[in-house]
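# Descriptive structure summary
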Amino acid sequence: MASLDLRQSSTLHSLVCQSILVLLCLVCYGYGGLSGAKFVFDDTVAIVKNKNVNSLPTNWTAIFSHDFWGAPLLSADSHKSFRPLTTLMFHYEYALLGLNAAHMKFLNLLLHCVNTLLMWRLVRSLYVEDIDIERWATLSAALFAAHPVHTEAVSGVVGRAELMFGLIHLLCLLLTVASADKPGVSSVILILLLTAVGMLFKESAITIPLSCIMLDYFQNGTYMLPLKLQQRVITSRLRYLCYICGMLSLLLLRLWWQNFEAPEFKPVDNPIAHNEQLLTRGLSQQYLYVMNFWLMLCPQWLCFDWALGCINLVTSIWDMRLQAVIAFYSFIIVSFMNFRRLAGLMLGLALMVIPFLPASGIIRVGFVIAERTLYVPSIGFCLVSVYGFLYCYKNYAANRYCRVALQTFLMLLFAVFMLRTRQRAAEWLNEEQLFSSALQVCPNNAKVHYNIARLATDNGNSSRAFHHYLKAVQLYPEYESALMNLGNLYREYGQLETAEKYIRAALAAYPAFPVAWMNLGIVQSAQKKYDQALDSYRQALKYRSDYAVCYYNMGNLFLEQHQYGEALHHWQHAVAINPRQPKAWANILTMLDNRGMYEDALRISAQALTQLPTEPSILFIRANVLGKLKHYLEAEALYKQVIELEPRNMLYHTNLGVLYHRWDKLEEAIECYQTAISINSSRATTARDNLGKLLKRLNRETPKESQQ
């Protein structure tokens, strides 16, 4: 009976702990992850603009041959981040629930809850001497649940890759613990299979076998043996050899899939990796390790992008920041010197360092610091932190007051972390808050100013856009994207010479920049420099042969020169490359309509609508053509459809009025003309003229009817 009561009490305790951990996750992230969530920053490229995600039916070939950002894996522009299963998850969410950030972030939150519970189960299953395992498990998992550094991984949809890596990593560690005393290689094979699956979610999963080796090393008590005997045991253990061989095989297979090509990043993304001085690179990289550790230790400074300008390079051994590096390595050395006595601490350090290896600068990466890459290493950090706290609590809190002080400190720490996480999650709600918060952390980061300017341009705030683009260029004069966008902004205000100057500066910084060449062609076309514009467009196509937007602009260039056949040919080429190019479809249909080729216009508009079934411009032109062919019912239905899509478009109401006018539905025509005039009276000249003619006609007909 006592045994039964004990089991029930243990079960109840477990349920309470797990409920509290899930509640912590929900309290920390429910506000930022569920309420009014939008796609922000990298979500736009990886999801919103990624055809592999938001196109139906599923293009399996593209998903398994393109990188995470939608570019072909073997192209020069690819970052080589091959994560097809993550992309496939996004794609099926889109297919089932539509392109909605809220439900995608909700799934991220659920995965974070699962990872928190898995971590709790993992730590409870460990055998570590001289520590209360239950406390270590509960406090470590609680710290993991509430840690602010996880916000980018949980509140940013693209953090799904990190969450799935964390999930598979924890499952493999649990399998390692469960099979620690069991002979055979079945668990090893299963872990290697899970590693292969994990690599299709995030490349960093290649480190999972190393984490399993370290965990097995501590769980089997190998660390307690003399060093020479340890070496003999490790080299004779078959599962370790299987792990290493399997890991190397998976690495070779992964590199073969990308044709053994290395990604190319720009200096603005990672200035440390591009610095030519070996000493500067080495010292700066060591300081970065400290900064990553500091972000986990004190997550006050959090920024969506730690690129150029956030962290100054360490150029001298006399730089005072190296004191932090010395302190960091001193801590690690002291831990190693006491590894038998502090086994839990060493295990935590191993689980912190190993998953971080791919982001550690061993290979060139496209970032200085990426907070979401700390999601899995923070498992080890939480173990180290709580182990240290419990060690002090047990060995140095001799009296009641010390214990109360430590307990109070711990409660305050959790309260501060929860508040900081909620605050940071709220900043990830939309780009305006996210980018503005970065200015407080990295005011000299050119990429932060660039993103604020880009967002201001999208919102129509040109003065703010000019200010931040100029600031970005001031901080980094060779920032080609900022120079080009600044040129585009000047072009919109008719300052074509200034626009050309900035776009040429962008090309001087990066000559193989197809978008800049195309924009230079647009500026030259506006200046009537048609031959130069054509040369610029051809340069753009030289660097990107499948550039649909460039073919569209070339068509516009030929249209301005009245070369209608060439214009039509280039627009058709644009939609052949990218069938979801609404402006090119609209120009083709407009040309056919103007030439009186109505049957061709109907046929091609039907093709366009298979790709863009709700595109207003295509529906509108098709309605115009049907009206001219006196197919009034079909035309009326299409006009009503486009008006429902864009109810404040004056032109749609005007043309529906024209249709009713031809159809002799005069009252409906008057109503449509009046609606068009009420929307924009200054530009609704056609509606006003037609309304005037219609009213005069009615006035003339009214006396005749009265005389009869």
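Residues numbered from 1 in each chain as written. Predicted model: local features only at pLDDT ≥ 70, side-chain atom pairs only at ≥ 80, totals over all residues. Heavy atoms only, no water.

### So, helix 32 (residues 632-645)
Compared with the 20 Å implied by 1.5 Å per residue over 14 residues, the 20 Å span of helix 32 between its first and last C-alpha is a close match. Among the residues making up helix 32, those that are buried are Tyr632, Ala635, Glu636, Leu638, Tyr639, Val642 and Ile643. Buried residues along helix 32 cover an arc of 165° about the axis, so they all sit on one side. Opposite its buried face, helix 32 presents the exposed residues Leu633 and Glu644, each directed more than 90 degrees away. On its buried side, helix 32 packs onto helix 31 (616-628) and helix 33 (650-662). (Helix = DSSP H or I, 4+ residues; strand = E, 2+ residues; numbered from the N terminus. Expected span 1.5 Å × (residues − 1). Buried < 20%, exposed > 50% of the residue type's maximum accessible area, 1.4 Å probe, protein only. Arc of directions from axis to C-beta. Contact = heavy atoms within 4.5 Å.)

### Describing the state of the cysteines
Across all of its chains, the model carries 1 disulfide by this definition. Cysteine 310 shares a disulfide with cysteine 442; S-S distance 2.1 Å. Given an S-S torsion of about 125°, the disulfide between cysteine 310 and cysteine 442 has right-handed geometry. Note that cysteine 310 is positioned in the loop between helix 15 (278-297) and helix 16 (322-337) and cysteine 442 in the loop between helix 20 (431-441) and helix 21 (446-458), a separation of 132 residues in sequence. Judged by relative accessible area, cysteine 442 falls into the buried class, the value being 1%. Left unpaired, cysteine 25 is separated from the closest cysteine sulfur, that of cysteine 113, by 4.1 Å. Looking at cysteine 25, the relative accessible area reads 0%, which means it is buried. Free cysteine: cysteine 28, not disulfide-bonded; nearest cysteine sulfur from cysteine 25 at 7.1 Å. (Disulfide = S-S within 2.5 Å.)

### Describing the side chain of asparagine 445
Tracing the sequence through the fold places asparagine 445 in the loop between helix 20 and helix 21. In this view, asparagine 445 contacts Asp305, Trp306, Ala307, Leu308, Gly309, Cys310 and Leu475; residues no more than four positions away in its chain are not counted.

### Focus on the packing of helix 23 (residues 480-492) against helix 25 (residues 514-526)
A pair of packed helices is captured by two measures, namely the crossing angle of their axes and the spacing between those axes. Where helix 23 contacts helix 25, the two axes come as close as 10 Å, and the packing angle between them is 20°. In terms of axis orientation, helix 23 runs roughly parallel to helix 25. Where helix 23 crosses over helix 25, the handedness of that crossing is left-handed. Contacts from Met484, Asn488 and Arg491 in helix 23 reach Val515, Ala516, Asn519, Ile522 and Val523 in helix 25. For the contact of helix 23 with helix 25, the residue count by class is 5 nonpolar, 2 polar and 1 charged. (Axes fitted to C-alpha atoms, helices over the stretch in contact; angles between N-to-C directions. Parallel < 35°, antiparallel > 145°, perpendicular 65-115°, else oblique. Left-handed = near helix turned anticlockwise from the far one by under 90°. Nonpolar A, V, L, I, M, F, W, Y, C, P; charged D, E, K, R; others polar.)

### Observations regarding the UniProt feature "domain: DUF1736" (unreviewed entry) in the protein chain
UniProt annotation of "domain: DUF1736" (unreviewed entry) refers to residues 260-332 when read in the numbering used here. Between the first and last C-alpha atoms of residues 260-332 the distance is 35 Å; the span itself is 48% helix and 0% strand. (UniProt positions renumbered as here; feature names shortened; annotations may be inferred.)

### With respect to the environment of glycine 184
Mapping glycine 184 onto the fold places it in the loop between helix 9 (160-178) and helix 10 (186-199). Judged by its relative accessible area of 46%, glycine 184 falls in the partly exposed class. Between the C-alpha atom of glycine 184 and that of leucine 252, which follows or precedes it by 68 residues, the distance is 26 Å.

### Some points on the pattern of salt bridges
Considering all chains together, one arrives at 20 salt bridges under this definition. Glutamate 431 is the salt-bridge partner of arginine 454, the closest N and O atoms lying 3.9 Å from each other. Of this pair, arginine 454 sits in helix 21 while glutamate 431 sits in helix 20; the two residues are 23 residues apart in sequence, bridging distant segments of the chain. Owing to a relative accessible area of 11%, glutamate 431 belongs among the buried residues under this scheme. Taken together, the shared-partner salt bridges in this structure form one network comprising Asp42, Glu152 and Arg372. (Salt bridge = Lys/Arg side-chain N within 4 Å of Asp/Glu carboxyl O.)

### A look at the UniProt feature "repeat: TPR" (unreviewed entry) in the protein chain
Sites flagged by UniProt as "repeat: TPR" (unreviewed entry) map to residues 446-479, 480-513, 514-547, 548-581, 616-649 and 650-683. Between the C-alpha atoms that bound residues 446-479 the distance is 8 Å, and the span itself is 79% helix and 0% strand. With 79% helix and 0% strand, residues 514-547 has its two end C-alpha atoms placed 8 Å apart.

### Let's talk about the environment of aspartate 458
Among the secondary structure elements, aspartate 458 is positioned in helix 21. Sequence separation between aspartate 458 and alanine 196 is 262 residues; the distance between their C-alpha atoms is 41 Å.

### So, a nonpolar patch on the surface
On the surface, a nonpolar cluster with roughly 460 Å² of combined accessible area is contributed by Val185, Ile189, Leu193, Leu238 and Leu241. Of all the secondary structure elements, the ones that give two or more residues to the nonpolar patch are helix 10 and helix 13 (238-257). Along the chain, the position of leucine 241 falls in helix 13. (Patch = residues over 30% accessible without salt bridge, like charges linked within 9 Å, V, L, I, M, F, W, Y side chains within 5 Å. Areas by Shrake-Rupley, 256 points an atom, 1.4 Å probe, with all protein chains shown as cover.)

### Notes on the packing of helix 31 against helix 33
Running from N to C, helix 31 and helix 33 cross one another at 15°; their axes reach a closest spacing of 11 Å. One element, helix 31, and the other, helix 33, form an angle in the roughly parallel class. Between helix 31 and helix 33 lies a crossing of left-handed hand. Side by side, helix 31 and helix 33 meet where Pro616, Ser617, Phe620, Asn624, Gly627 and Lys628 of the first sit next to Leu651, Tyr652, Asn655, Leu659 and Arg662 of the second. Residue composition of the contact of helix 31 with helix 33, grouped by class: 5 nonpolar, 4 polar and 2 charged.

### Structural notes on unusual backbone geometry
Here the bond from leucine 56 into proline 57 is cis, since omega is 0°, no more than 30 degrees from zero. Position of proline 57 among the secondary structure elements: in the loop between helix 3 (51-54) and helix 4 (60-63). Unlike most non-glycine residues, aspartate 664 shows phi in positive territory, near 65°. Its location among the elements puts aspartate 664 in the loop between helix 33 and helix 34 (666-679).

### Comments concerning the nonpolar core
Core analysis: the largest hydrophobic core is formed by 121 residues, its most contacted members being Trp136, Phe304, Trp306 and Ile311. Sequence-distant contacts of phenylalanine 304, that is, excluding residues within four places in its chain, are made with Phe41, Glu152, Arg424, Trp428, Leu434, Phe435, Ala438, Val448 and Asn451. Counting 91 residues, the second largest nonpolar core, distinct from the first, contains Leu486, Leu557, Ala574 and Val642. (Core = buried A, V, L, I, M, F, W, Y, C linked by side-chain atoms within 4.5 Å.)

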